[in-house]
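# Fold and geometry: a report
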Amino acid sequence: MSNTGRDQFEIPKEMRSMAEANFEQARKAFEQFVSNAQAAAGRIEERNASVRAGARDISAKAIAYAEKNVQSSLDYAQSLLKAKDLSDIMRLHSEYVQGQMRALAEQASEMGQVVSRAAMDAVKPKS
């Protein structure tokens, strides 16, 4: 008994054409997927750069404010050492507290603007 008739298997022409067309369609879909993924990764990297720049600005402002506030406190402490009496101490304290309240209000406003600008830059569409 010969199995030569069963050993040869041929895919019908229509099925082969359909399989090839499906394969080509799948290949194109995969290429489009990879292209879209690469574009998305690029956009994420751009966003990360914007977020990092915003974070640097915020950090720089915070450090500058801390330096200014510490210097103000040191100046206040030094002025207390030179005070002549209790009324002089009370006047210096009042001036210090008022100055710090103004400085903190100004710093809060500026920091709000910096944070807002950083947030807007992070979500702004890139052209």
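Residues numbered from 1 in each chain as written. Predicted model: local features only at pLDDT ≥ 70, side-chain atom pairs only at ≥ 80, totals over all residues. Heavy atoms only, no water.

### What about the overall build of the protein chain?
Of the regular secondary structure elements, the protein chain holds 3 helices and 0 strands. The linear arrangement of helices and strands in the protein chain, starting from the amino end, is α-α-α. In terms of overall dimensions, the protein chain is more spread out than a globule: its C-alpha atoms have a radius of gyration of 35 Å, far above the 14 Å expected for 127 residues. Taken over the C-alpha atoms alone, the protein chain extends approximately 125 × 35 × 15 Å along its principal axes. A separation threshold of at least 6 residues defines the contact pool for the protein chain, and within that pool the share at least 24 residues apart is 73%. Surface summary for the protein chain: the accessible area is close to 10,500 Å², and the carbon and sulfur share equals 60%. Separation between the mean location of the 18 positive side-chain charges and that of the 17 negative ones in the protein chain comes to 2 Å. (Helix = DSSP H or I, 4+ residues; strand = E, 2+ residues; numbered from the N terminus. Rg over C-alpha atoms; globule rule 2.2 N^0.38 Å. Contact = heavy atoms within 4.5 Å. Areas by Shrake-Rupley, 256 points an atom, 1.4 Å probe, with all protein chains shown as cover. Lys, Arg positive; Asp, Glu negative; His and termini not counted. Charge placed at Lys NZ, Arg CZ, Asp CG, Glu CD.)

### Brief notes about the pattern of salt bridges
Enumeration according to the criterion identifies 5 salt bridges in this entry. Across the pair Glu24 and Arg27 runs a salt bridge, and its minimum N-O distance is 2.2 Å. Of this pair, Glu24 and Arg27 both sit in helix α2 (residues 13-81), 3 residues apart, roughly one helical turn. On the basis of relative accessible area, Glu24 is assigned to the partly exposed category, the value being 28%. You can call Arg27 partly exposed: its relative accessible area is 33%. Here Arg91 makes a salt bridge to Asp88, at a shortest N to O gap of 2.5 Å. Of the two residues, Arg91 and Asp88 both sit in helix α3 (residues 86-123), 3 residues apart, roughly one turn of that helix. Residue Asp88 is classed as buried on the basis of its relative accessible area of 15%. It is possible to trace a salt-bridge network through shared partners that takes in Glu24, Arg27 and Glu31. (Salt bridge = Lys/Arg side-chain N within 4 Å of Asp/Glu carboxyl O. Buried < 20%, exposed > 50% of the residue type's maximum accessible area, 1.4 Å probe, protein only.)

### Observations regarding the packing of α2 against α3
Two elements in contact, α2 and α3, have axes whose closest approach is 9 Å; the angle formed by their N-to-C orientations is 175°. Relative to α3, the element α2 lies roughly antiparallel. Within the contact of α2 with α3, the residues separate by chemical class into 16 nonpolar, 9 polar and 7 charged. (Axes fitted to C-alpha atoms, helices over the stretch in contact; angles between N-to-C directions. Parallel < 35°, antiparallel > 145°, perpendicular 65-115°, else oblique. Nonpolar A, V, L, I, M, F, W, Y, C, P; charged D, E, K, R; others polar.)

### Regarding a nonpolar patch on the surface
A surface patch of nonpolar side chains, about 300 Å² in accessible area, is lined by Leu86, Ile89 and Met90. Mapped onto the secondary structure, Met90 falls in helix α3. Judged by relative accessible area, Met90 falls into the exposed class, the value being 51%. (Patch = residues over 30% accessible without salt bridge, like charges linked within 9 Å, V, L, I, M, F, W, Y side chains within 5 Å.)

### Quick look at the confidence of the model for the protein chain
Averaged over all residues, the pLDDT of the protein chain equals 83, while 91% of them reach at least 70. When pLDDT is averaged over each element of the protein chain, α3 comes out on top at 90 and helix α1 (residues 4-7) at the bottom at 57. (pLDDT = per-residue confidence, 0-100.)

### Things to note about the packing of aromatic side chains
Applying the stated rule across the entire model yields 1 aromatic pair. Ring geometry for Tyr76 and Tyr96: centres 4.1 Å apart, planes at 10°, overall stacked. Of this pair, Tyr76 sits in helix α2 while Tyr96 sits in helix α3, and the two are 20 residues apart along the sequence. Relative accessible area serves as the criterion here: at 17%, Tyr76 is assigned to the buried category. (Phe/Tyr/Trp six-rings, centres within 6.5 Å; stacked < 30°, edge-to-face > 60°.)

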